[in-house]
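One-letter residues, chain by chain:
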Amino acid sequence: MASSPHQARGLRALIARSLIILSVLAGTALGRNQVRHYNFDVEYIFGAPDCNEHVVMGINGQFPGPTIRAKAGDTVVVHLTNKLYTEGVVIHWHGIRQLGTPWADGTASISQCAINPGETFTYRFLVDKPGTYFYHGHYGMQRSAGLYGSLIVDVADGEREPFHYDGELNLLLSDWWHQSVHEQEVGLSSSPLRWIGEPQSLLINGRGQYNCSLAAHYSNSSSNQCNLKGGEKCAPQILHVQPKKTYRLRIASTTALASLNLAIGNHKMVVVEADGNYVQPFAVDDLDIYSGESYSVLITTDQNPKNNYWLSIGVRGRKPNTPQGLTLLNYLPNSASKLPISPPPVTPQWNDYNHSKSFSKRIFARMGSPKPPKFYDRRITLLNTQNKINGFIKWAINNVSLALPSTPYLGSVKFLLNHTYDQTSPPENFPSNYDVMNPPANPNTTSGSGVYRLNYNTTVDVILQNANALAVNVSEIHPWHLHGHDFWVLGYGEGRFSRKDERKLNLKNPPLRNTVVIFPYGWTALRFIADNRGVWAFHCHIEPHLHMGMGVIFDIDGRNVKGIPNEALACGATGRLSVNGVHH
């Protein structure tokens, strides 16, 4: 449904985008915007994230990697050297839109070649808007191995946040396995499937405890009390606060599997930001956060100043077999070793989806935020199913399980290398008689590497449709992440999306996000403007699910991307072009 109001809106979007770029250029000319350089050496190191020593993927000898901090309008330059002995590597800058730099998105086989051992690749990109972001590996399952860190963008000089706070705390949440990532990958690619199981521990800023509990003395269970000596790498990072102040907590989840719930004893949280976009503030006692999401919340330290308080995270959406992750909100000048007088907050029941849905449905764009176009030009419905290929269990979208090619899509699309990936476009929908409430009647699927070609600057709707997996009465949570763009979340619903659900969609104040959840047996509706040229991944952010094929690829006028550096495409068929003297 094209319309003249949409065309006008598209023109306004184009003008606004041009003004952003011009203002950034002007800021650079005036010396306001900075270029921030980082050198990253990626290598395996010994670490003990949960008090048990294991090999982890570190950056500059650190786990998690260094925090990148910049201001809106700055350019971030990361010189990444691969010091792994036998593996390639890339890093994805999660939530950064890569306006005009699609080759810096850090997705192996999509935006660039994997960086070989011993090589250095330079990522250079604009951080165009303030918010809470993070970065992580996007090759194989290296995110699960610990390749991640925080990326925080402050408001530009002279600008102010639309809320006040006295101090800031940063929380990067993750889950941790004792089985190596390589073992996990082999198990997921085996027949019969060897599932990775639930994580052994939950980490807050790379620290957690296995087989013990900081709060053990509250319960009669067999949990051991953790014997943490000062300075241990697994000792929690204490959150030090002054009484009677307001703090901003930046919270991001880079979990490989777990959906989490976060709560702070006796403290309400006011949600003010989601995925780098301001939301209409609302207060909650606890917060659900799915892999790939980020939030900012405000807390006021208005409780009894003689006490300390627990901050806890626990598993949601899967039957938990993992203890809560804990740290302390330490009211100064109390000692950080003083334990709270109350037990940690209890995570809601793992399958209390009404609790999760009520939280998600309270998130609206802050007043004055950009509204979505009223009409869409194209709608794609993506059915998420678990399937089999020759007895191997896979995840598939519209009955196609994504198999990435050896030549990065961006180069293939740019140079019309049609032999490198499937030229058949994947299905736009799924059969009308498909029963989303039961296991697939025919569990077999195919693998494919085709792409959805989206016309530049058009409005695209995506309906994410969840369904039953292979086992009876099993439908899982899937958080979906879009690269290169934010999207408006127009609504959620139960069962199969139908025309009658159109009336329920929110076009008035839907939140802008880059990651969104589909609930079991439900649907989620998104709208975005395809205004960033490149080839972009859109996928489930659960690491084993992507590994098993749960994703699609959007080509948005990738043919007309300019300025791709040679080193981004020095592999596969594009590598041969480079050798033959064809410039990118």
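Parameters and conventions
Residues numbered from 1 in each chain as written. Predicted model: local features only at pLDDT ≥ 70, side-chain atom pairs only at ≥ 80, totals over all residues. Heavy atoms only, no water. Domains from an automatic or database assignment. Buried area = accessible area lost by both parts, 1.4 Å probe. Salt bridge = Lys/Arg side-chain N within 4 Å of Asp/Glu carboxyl O. Polar contact = N/O pair within 3.5 Å; in protein donor to acceptor, adjacent residues only side chain to side chain. Helix = DSSP H or I, 4+ residues; strand = E, 2+ residues; numbered from the N terminus. Nonpolar A, V, L, I, M, F, W, Y, C, P; charged D, E, K, R; others polar. Buried < 20%, exposed > 50% of the residue type's maximum accessible area, 1.4 Å probe, protein only. Disulfide = S-S within 2.5 Å. Arc of directions from axis to C-beta. Core = buried A, V, L, I, M, F, W, Y, C linked by side-chain atoms within 4.5 Å. Contact = heavy atoms within 4.5 Å. Pairing = 2+ DSSP bridges. Axes fitted to C-alpha atoms, helices over the stretch in contact; angles between N-to-C directions. UniProt positions renumbered as here; feature names shortened; annotations may be inferred.

> When you look at the domain arrangement of the protein chain in this model, what are you seeing that I'm missing?
Put simply, an interface is often sized by how much accessible area is lost when its parts join up. Domain annotation of the protein chain identifies domain 1 (35-154), domain 2 (167-365) and domain 3 (378-578). For the pair domain 1 and domain 2, the summed buried area comes to about 2,700 Å², and 55% of that belongs to carbon and sulfur atoms. Of all residues in domain 1, the largest losses of buried area upon contact with domain 2 belong to Asp50, Thr132 and Met141, amounting jointly to 24% of the total for that side. Where domain 1 meets domain 2, there are two salt bridges. At the boundary of domain 1 and domain 2, one finds 21 residue pairs in polar contact (both at pLDDT 80 or more). Among the secondary structure elements, those contributing two or more residues to the side of domain 1 that touches domain 2 are β1 (35-47), β2 (54-59), β7 (131-137) and β8 (148-154). Ranked by the residues each element gives to the side of domain 1 that touches domain 2, the list is headed by β8, at six residues. The residue inventory of the side of domain 1 that touches domain 2, partitioned by class, reads 17 nonpolar, 11 polar and six charged.

> I keep staring at the pattern of salt bridges and nothing clicks. Help me out?
Oppositely charged side chains can pair when the atoms bearing their charge come close. Going through the model one piece at a time under the given rule, you end up with 27 salt bridges. For Glu543, the salt bridge is made with Arg143, and the minimal N-O distance between the two is 3.2 Å. Highlighted residues: Glu543 in helix α5 (residues 543-547) and Arg143 in the loop between β7 and β8, separated in sequence by 400 residues. Each member of the pair, Glu543 together with Arg143, is buried. In this structure, Arg250 and Glu168 form a salt bridge, with 2.8 Å as the shortest nitrogen-oxygen distance. Taken together, the residues span a long stretch of sequence, with Arg250 in strand β12 (residues 246-253) and Glu168 in strand β9 (residues 167-176) at a distance of 82 residues. Accessibility expressed as a relative area gives 27% for Glu168, which makes it partly exposed.

> So what exactly am I meant to see when it comes to the state of the cysteines here?
Two cysteines, two sulfur atoms, one covalent bond between them: this is a disulfide. Tallied over the entire structure, the rule returns three disulfides. With its sulfur 2.1 Å from that of its partner, Cys113 forms a disulfide with Cys571. Between Cys113 and Cys571 the disulfide shows an S-S torsion of about -90 degrees. By sign, it is left-handed. One end of the pair, Cys113, is in the loop between β5 (91-94) and β6 (120-126); the other, Cys571, is in the loop between β32 (551-556) and α6 (572-579), and 458 residues separate them in sequence. Across the protein chain, the disulfide pattern expressed with sequentially numbered bonded cysteines is 1-5, 2-6, 3-4.

> I tried to follow helix α3 (residues 353-360) on my own but got confused; where do I start?
Each α-helix turn comprises 3.6 residues. Residues three or four places apart therefore point the same way. The set of residues buried in α3 consists of Tyr353, Ser356, Lys357, Phe359 and Ser360. Within α3, the buried residues cover an arc of 160 degrees as seen down the axis, which keeps them to one side.

> Is there a simple way to explain the nonpolar core in this structure?
If you look at soluble globular proteins, the nonpolar side chains tend to sit buried side by side. Within the largest apolar cluster, 91 residues are counted, with the highest numbers of intra-cluster contacts made by Phe40, Trp93, Tyr123, Phe528, Phe538 and Phe554. With five residues, the top contributor of residues to this core is strand β31 (residues 534-540). Non-local contacts of Trp93, meaning those with residues more than four positions away in its chain, are made with Phe40, Ile68, Val78, Gln98, Ala104, Asp105, Tyr123, Phe125, Phe134, Tyr135 and Leu151. One finds Leu249, Val279, Tyr295 and Leu329 within the second-largest nonpolar core, a separate group that totals 33 residues.

> For this particular structure, what's the right way to read the sheet that holds strand β3 (residues 68-71)?
Whenever strands of a sheet pair, they do so through backbone hydrogen bonds, lying parallel or antiparallel. Pairing within the open sheet is mixed, and its four strands lie in the order β3-β8-β7-β5. Of all the strands in the sheet, just β3 and β5 have a single pairing partner and so form its edges. Taking each pair of neighbouring strands and ignoring which way they run, the sheet shows an average axis angle of 20 degrees. In this structure, β3 lies alongside β8, joined through four bridges in parallel fashion.

> Help me understand the pairing of strand β15 (residues 277-284) in this model?
Remark: a regular strand shows side chains that alternate across the two faces of the sheet. Across five bridges, the pairing between strand β14 (residues 269-274) and β15 is antiparallel. Opposite Met269, over in β15, you have Val284 as the bridge partner. Linking β14 to β15, which pair antiparallel, is a turn of two residues; within it Asp275 sits at a positive phi near 55 degrees.

> Is there a simple way to explain the UniProt feature "domain: Plastocyanin-like" (unreviewed entry) in the protein chain in this structure?
Annotation from UniProt places "domain: Plastocyanin-like" (unreviewed entry) at residues 47-154, 170-332 and 437-556. From the first C-alpha to the last, residues 47-154 spans 31 Å; its make-up is 0% helix and 41% strand. For residues 437-556, the end-to-end C-alpha separation is 34 Å, with 4% helix and 44% strand making up the annotated structure.

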